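One-letter residues, chain by chain:
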Amino acid sequence: MPDSRPNSTHLLLVSVLAAVLFFAGLGRPRLRDPDETRYVEIPREMLESGNFIVPHLNYLPYLDKPPLTYWMTCAGFKIFGMNEFGARFFPALAGLAGVVAIYLFGCVMFGEGAGFRAAIVLCTSAFYFYFSRMLLTDMILTLFVTLATGFLYLSWKRGARWLIPAYVCMALGTLTKGPVGVLLPMAPIALLVLTRQGVRGVKSLVSIGAVLAFLIIWAPWHMAIYFAAPEFFPHFYLSENILGFFRKGIHHSRPPYYTICYLLLGFLPWTLFLPATLEKTFGRHREHRDASTLCLLWMGSTVLIFTLSVSKLPTYVLPAFAPLALLVGSTIPRSERPSLPTRIVACLLGAGLCVAVVIVVVVLSRRYGPQDIVADLRNMSIMFLLFTLPLTAVLARSAGKLAFTLGVLSLPFQFASLAATHSAQALEFQSGREIAKVISERGDLRELTSYCEQYPNLSLYFHRRQLIVGYVPRQFEFGLSLSPEDGLNTFISARKLALMASRQPGVYCIVRGSKVAEFDKMFHYYFRLVSKFEYDSLQYLFVSTGKPSPDAPSVESLPDWPTRLLRERVDDNEKK
């Protein structure tokens, strides 16, 4: 029977490796629109208003997610300041904690060596590495799902005392992203216990103490939000979860194969070893049968749930990476060792590829815009995979430790990606920070507006409401239904923008390149061009002069939408 005791040296190694991968340069990349900027602005407004119960986005109620990620981000801002590192600290910490958890659970389930390899596999898989460095709810959810599943397994194998920490983690998972915090960990372990012990065994996964622990964590905020905004329950649990699961057109509708494709893509380079891993898993010894079955059910149920769901995103597959890492780490044979020349060649190859990736990205970033870089890197990645797939697949089946050695070559790729992403040329393509820098240097900001677009990343730098002209994003519709009065202060018409610009200088407006001609036709009497930026697509920055041209037409001739619509909603609410 394999040694299940953790090795302090191995634990330190995987912790340091994960910490370097997830935290190095964490605060340097700009916030990514739209998700990171949204998850930054909501905590910023929480700290500004002191309202930690009802999340607000651009000062309107935003009830699409529970608040735990926002609370963590608030803590990050308090500890490290209101910056990119503070925003991303807790997702990166969750990624690190998930790697450590997989090492410890791997020791119990398959032995210390398997746990060590599984931890390396997890932290070097593409999506786990990438999304640990972003402010999203999914990595935090993945940590709680991993912990809850592991504790439930321990409660089945080693006693009911592990049920309370499992239920605490499930409660934290629901406060992160809703019911999936319970469904994802409970489904695989319940299926496993049902096949082994029947319904009586499943009952052992529930206890009064564990349920009370769950409610102590789960209930306080839900009670508070019920009294503050009772509309949360039908909106989040019915519209966002149940209807979002079954009905097309509500969220991110994708075809059924979408989930499995992103699972295989996101688990690279270890995806290439999955055929051999699954073959060896099904022929595993009896002593590991339960652990292997749990990993298969854990991975399979996650994929199945999000395959059946109409709403799909690449990040949804993250909870499936932990069981896949355990399977890969536990099925790599220990007996075979590559020769010294092979290891030398492998190291040289990895170092060469690392340098090549950095050089290519820097050269391309100097010559082209970000979209061209992404397209070129995608094409190069496809060619690389087509070239290496047959060779690696053969090695993974026949070469034992050689396969694992080649898999560890993903480390240079991760460090190369890290260096390339953080090179000045590849990073600072006139991002939102550059727009903020230009406005701050001028020092005359009165109002910050955007024309037919939203740029929430600028709120982190200016700490103020952003006015949106002639456009109401769909994500704000629910918040407007709750508070149309606040909408009048956020979504303004072209008529109101012209009035503001004619009365004072320092009213800035950001305009996407495709809208510049339309904007200039209406507002060239009131605004002048300050600068233009390559940020995802060409952006133009205008500022009001405060002195409109003498030949400026009447402001009344400009469109009054959406101000007119919002006034009608306010009137309807007052009548009710």
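Remember, it's a predicted structure, so these values are computed and weren't measured experimentally.

Engineer: Even after reading the chapter, I still don't get the overall build of the protein chain, so can you show me in this structure?
Structural biologist: Scanning the protein chain from N- to C-terminus turns up 27 helices and eight strands. Per-residue burial over the protein chain gives 52% buried out of 576 residues. Long-range pairs, those at least 24 residues apart, make up 76% of the contacts in the protein chain with a sequence separation of at least 6. With an accessible surface of roughly 25200 Å², the protein chain has 64% of that area assigned to carbon and sulfur atoms.

Engineer: Looking at this model, I keep getting lost on the nonpolar core. Mind explaining?
Structural biologist: Across soluble globular proteins, nonpolar side chains show a tendency to be buried alongside one another. Ranked by internal contacts, the top residues of the largest apolar core, which has 119 residues, are Phe22, Val99, Met109, Tyr167, Ile189 and Phe321. When neighbours within four sequence positions are excluded, Phe22 is seen to be in contact with Ala92, Gly95, Leu96, Val99, Cys123, Tyr128, Phe129, Ser132 and Arg133. Listed in part, the 24 residues of the second largest apolar core include Val469, Ala494, Val555 and Leu558.

Engineer: Honestly, the environment of Asp560 in this entry has me stumped. Any pointers?
Structural biologist: Take Asp560: it is sitting in the loop between strand 8 (537-544) and helix 27 (563-575). A sequence separation of 68 residues divides Asp560 from Ile492, and the C-alpha atoms of the two residues are 8.2 Å apart. When sequence neighbours within four positions are dropped, the list of residues in contact with Asp560 reads Ser493, Arg495 and Arg567. Of note is the side chain of Asp560, whose polar atom sits 3.2 Å from the side chain of Ser493.

Engineer: Even after reading the chapter, I still don't get the packing of aromatic side chains, so can you show me in this structure?
Structural biologist: Evaluated as defined, the whole model comprises 29 aromatic pairs. Aromatic pair Phe89 and Phe90: ring centres 5.1 Å apart, planes at 85°, arrangement edge-to-face. Classification of Phe90 as buried rests on a relative accessible area of 19%. Their ring planes at 35° and their centres at 4.8 Å tell us that Phe519 and Phe523 sit as a pair that is tilted.

Engineer: In this structure, what is going on with the environment of Thr149? I would like to understand it.
Structural biologist: In this structure, Thr149 sits in helix 7 (residues 137-158). Separated by 174 residues in the primary sequence, Thr149 and Pro323 place their C-alpha atoms 9.9 Å from one another.

Engineer: Explanation requested: the pattern of salt bridges in the structure shown.
Structural biologist: Under the defined criterion, the tally for this structure stands at 11 salt bridges. Residue Glu556 is joined to Arg495 by a salt bridge in which the shortest nitrogen-to-oxygen separation is 3.3 Å. A residue pair is termed long-range when its members are at least 10 positions apart, and Glu556 in the loop between strand 8 and helix 27 and Arg495 in helix 25 (residues 494-503) qualify at 61 residues. The network of salt bridges with shared partners includes Glu41, Arg44 and Glu48.

Engineer: I tried to follow the pairing of strand 6 (residues 507-512) on my own but got confused; where do I start?
Structural biologist: Within a regular beta strand, the side chains point alternately toward one face of the sheet and then the other, so they alternate between its two faces. Burial runs high along strand 6: five of the six residues are buried. One ladder, built from five bridges, connects strand 3 (residues 447-451) with strand 6; its direction is parallel. Of the residues in strand 6, the one forming a bridge with Leu448 is Tyr508.

Engineer: Sorry if this is basic, but what is going on with unusual backbone geometry here?
Structural biologist: Glycine aside, a negative phi is what most residues show, and trans is what most peptide bonds show. Residue Tyr59 is not a glycine yet carries a positive backbone phi of 70°. Within the element layout of this structure, Tyr59 appears in the loop between strand 1 (56-57) and strand 2 (60-61). In this structure, Cys452 is a non-glycine residue whose phi angle is positive, near 55°. With respect to the secondary-structure elements, Cys452 resides in the loop between strand 3 and helix 22 (459-462). With relative accessibility at 17%, the residue Cys452 sits in the buried group.

Engineer: Can you help me understand a nonpolar patch on the surface in this one?
Structural biologist: On the surface, a cluster of nonpolar side chains totalling about 450 Å² of accessible area is made up of Val206, Ile208, Val211, Leu212 and Leu215. Tracing the chain through its elements places Val206 in the loop between helix 9 (180-203) and helix 10 (208-228). Classification of Val206 as partly exposed rests on a relative accessible area of 49%.

Engineer: Is there a simple way to think about the environment of Glu518 in this case?
Structural biologist: Summarising the element assignment, Glu518 is placed in helix 26 (residues 516-523). For Glu518, a relative accessible area of 37% gives the class partly exposed. Residues Glu518 and Tyr451, spaced 67 residues apart in sequence, show a C-alpha to C-alpha distance of 10.0 Å. Discounting chain neighbours no more than four positions away, the residues touching Glu518 are Tyr451 and Cys452. At a separation of 2.5 Å, a polar atom in the side chain of Glu518 contacts the side chain of Tyr451.

Engineer: Just to check I follow, could you spell out the pairing of strand 3 for this structure?
Structural biologist: Burial analysis of strand 3 places four of its five residues in the buried class, which makes it a mostly covered element. Direction of pairing for strand 3 relative to strand 4 (residues 467-469): parallel, over a ladder of three bridges. Each residue of the ladder has a partner; that of Tyr451, found in strand 4, is Val469.

Engineer: I'm lost on the packing of helix 4 (residues 84-110) against helix 15 (residues 321-331) in this one. Help?
Structural biologist: When two helices pack together, their arrangement is given by the angle between their axes and by how far apart the axes lie. Where helix 4 meets helix 15, the axes come as close as 11 Å, and the angle between the chain directions of the two elements is 50°. Classified by the angle their axes make, helix 4 and helix 15 are oblique. Crossing angle aside, the handedness with which helix 4 passes helix 15 is right-handed. From helix 4, Ile102, Gly106, Met109 and Phe110 reach across to helix 15, where they touch Ala322, Leu326 and Ser330. Its residues assigned to classes, the contact of helix 4 with helix 15 shows five nonpolar, two polar and no charged.

Engineer: Which parts of the structure should I look at to understand helix 8 (residues 163-177)?
Structural biologist: Residues separated by three or four positions in an α-helix point in the same direction, a consequence of the helix having 3.6 residues per turn. For helix 8, which comprises 15 residues, the first-to-last C-alpha distance of 21 Å matches the rise-based estimate of 21 Å (1.5 Å per residue) to within 8%. Turning to helix 8, its buried residues number three or more, namely Leu163, Ala166, Tyr167, Cys169, Met170, Ala171, Gly173, Thr174, Leu175, Thr176 and Lys177.

Engineer: Teacher, can you tell me more about the confidence of the model for the protein chain here?
Structural biologist: Do not read the fine detail of predicted coordinates wherever pLDDT is low. Of all residues in the protein chain, 76% attain a pLDDT of 70 or more, and the chain-wide mean is 79. Scored below 50 in pLDDT, residues 382-399 makes 20 contacts in the model with residues more than four places away or belonging to other chains. Considering only residues more than four positions removed or in separate chains, one finds that residues 419-430, a stretch of pLDDT under 50, has 35 contacts.

What counts and how
- Residues numbered from 1 in each chain as written.
- Predicted model: local features only at pLDDT ≥ 70, side-chain atom pairs only at ≥ 80, totals over all residues.
- Heavy atoms only, no water.
- Helix = DSSP H or I, 4+ residues; strand = E, 2+ residues; numbered from the N terminus.
- Buried < 20%, exposed > 50% of the residue type's maximum accessible area, 1.4 Å probe, protein only.
- Contact = heavy atoms within 4.5 Å.
- Areas by Shrake-Rupley, 256 points an atom, 1.4 Å probe, with all protein chains shown as cover.
- Core = buried A, V, L, I, M, F, W, Y, C linked by side-chain atoms within 4.5 Å.
- Polar contact = N/O pair within 3.5 Å; in protein donor to acceptor, adjacent residues only side chain to side chain.
- Phe/Tyr/Trp six-rings, centres within 6.5 Å; stacked < 30°, edge-to-face > 60°.
- Salt bridge = Lys/Arg side-chain N within 4 Å of Asp/Glu carboxyl O.
- Pairing = 2+ DSSP bridges.
- Patch = residues over 30% accessible without salt bridge, like charges linked within 9 Å, V, L, I, M, F, W, Y side chains within 5 Å.
- Axes fitted to C-alpha atoms, helices over the stretch in contact; angles between N-to-C directions.
- Parallel < 35°, antiparallel > 145°, perpendicular 65-115°, else oblique.
- Left-handed = near helix turned anticlockwise from the far one by under 90°.
- Nonpolar A, V, L, I, M, F, W, Y, C, P; charged D, E, K, R; others polar.
- Expected span 1.5 Å × (residues − 1).
- pLDDT = per-residue confidence, 0-100.

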